[in-house]
Amino acid sequence: MLNLAGNQIEKVEKIGNLRSLTELNLRRNKISEVFDLDYLPVLQRVFLSNNNIESFDKAGSLFNVKYLIELAIDGNPVSMEAKSRYRSYV
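The notes below deal with the structure included here. (Residues numbered from 1 in each chain as written. Predicted model: local features only at pLDDT ≥ 70, side-chain atom pairs only at ≥ 80, totals over all residues. Heavy atoms only, no water.)

Quick word on the overall build of the protein chain
So, point 1. Within the protein chain, the regular secondary structure consists of 1 helix and 6 strands.
So, point 2. The helix and strand sequence of the protein chain, counted from the amino end, reads β-β-β-β-β-β-α.
So, point 3. Residues counted as buried form 33% of the 90 residues belonging to the protein chain.
So, point 4. Considering only contacts in the protein chain between residues 6 or more positions apart, those separated by 24 or more positions represent 33%.
So, point 5. Counting only carbon and sulfur atoms, one obtains 48% of the accessible surface of the protein chain, whose full area is about 5,800 Å². (Helix = DSSP H or I, 4+ residues; strand = E, 2+ residues; numbered from the N terminus. Buried < 20%, exposed > 50% of the residue type's maximum accessible area, 1.4 Å probe, protein only. Contact = heavy atoms within 4.5 Å. Areas by Shrake-Rupley, 256 points an atom, 1.4 Å probe, with all protein chains shown as cover.)

Structure follows, in structure tokens:
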């Protein structure tokens, strides 16, 4: 588990060597882009709440995480956009 919550981190990258990482907490940072999460073979939980991710393109590696069972992206511009876009479907 790696907890980097509440820092001034702006970008997640070059963490592919953390091969046994199962949980990554990056809440309350300034993250706008996420890379290399798909290189973490046992990653199961990612917490990115309250950051600056504006589009899913900026967090594309999340969609290739093989064993992801929990993801938190609330409080990001992308979650606000998705909520308003899909509100009519709920």
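Now, onward.
Overview of the sheet that holds strand S3 (residues 23–25)
So, point 1. Taken in spatial order, the 4 strands of this open sheet run S1-S3-S5-S6, and their pairing is parallel. The sheet is open, and its two borders are formed by strand S1 (2–3) and strand S6 (70–72), each paired with just one other strand.
So, point 2. Inspection of the sheet shows S3 paired to strand S5 (residues 45–47) by 3 bridges, in the parallel sense. Bridge pairing in S5 links Asn-25 to Phe-47. (Pairing = 2+ DSSP bridges.)

A short note on the nonpolar core
So, point 1. Grouped together as the largest cluster of nonpolar side chains are 18 residues, with contacts concentrated most on Val-34, Leu-37, Leu-43 and Leu-48.
So, point 2. Residues contacting Leu-37, with those up to four places away along its chain left out, are Val-12, Ile-15, Leu-24, Leu-43, Val-46, Ser-61, Leu-62 and Val-65. (Core = buried A, V, L, I, M, F, W, Y, C linked by side-chain atoms within 4.5 Å.)

So, empty space enclosed by the protein
So, point 1. A full pass over the atoms with the stated rule returns 1 cavity of 30 Å³ or more.
So, point 2. The volume enclosed by the largest cavity comes to roughly 50 Å³.
So, point 3. What lines the largest cavity is simply Leu-48, Ile-53, Phe-56, Ala-59, Leu-62, Phe-63, Leu-71, Ile-73 and Val-78.
So, point 4. Classifying every residue of the lining of the largest cavity by side-chain character gives 9 nonpolar, no polar and no charged. (1 Å grid on protein atoms, 1.4 Å probe; cavity = no way out; pocket = protein on both sides within 12 Å on 5 of 7 lines; lining within 4 Å. Points joined across faces, edges and corners; volume = space filled by probe spheres on them. Nonpolar A, V, L, I, M, F, W, Y, C, P; charged D, E, K, R; others polar.)

Thoughts on the side chain of Asn-29
So, point 1. In this fold, Asn-29 is placed in the loop between S3 and strand S4 (33–34).
So, point 2. Using a relative accessible area of 7% as the deciding quantity, one classes Asn-29 as buried.
So, point 3. Here the side chain of Asn-29 touches Leu-4 through a polar contact of 3.0 Å, landing on its backbone oxygen.
So, point 4. Not counting residues within four places of it along the chain, the set of residues in contact with Asn-29 comprises Leu-4, Ala-5, Gly-6, Asn-7, Gln-8, Ile-9, Asn-50 and Asn-51. (Polar contact = N/O pair within 3.5 Å; in protein donor to acceptor, adjacent residues only side chain to side chain.)

Topic: unusual backbone geometry
So, point 1. Even without a glycine there, the phi angle at Arg-28 is positive, about 55 degrees.
So, point 2. Positive phi outside glycine occurs at Asn-50, with the angle close to 60 degrees.

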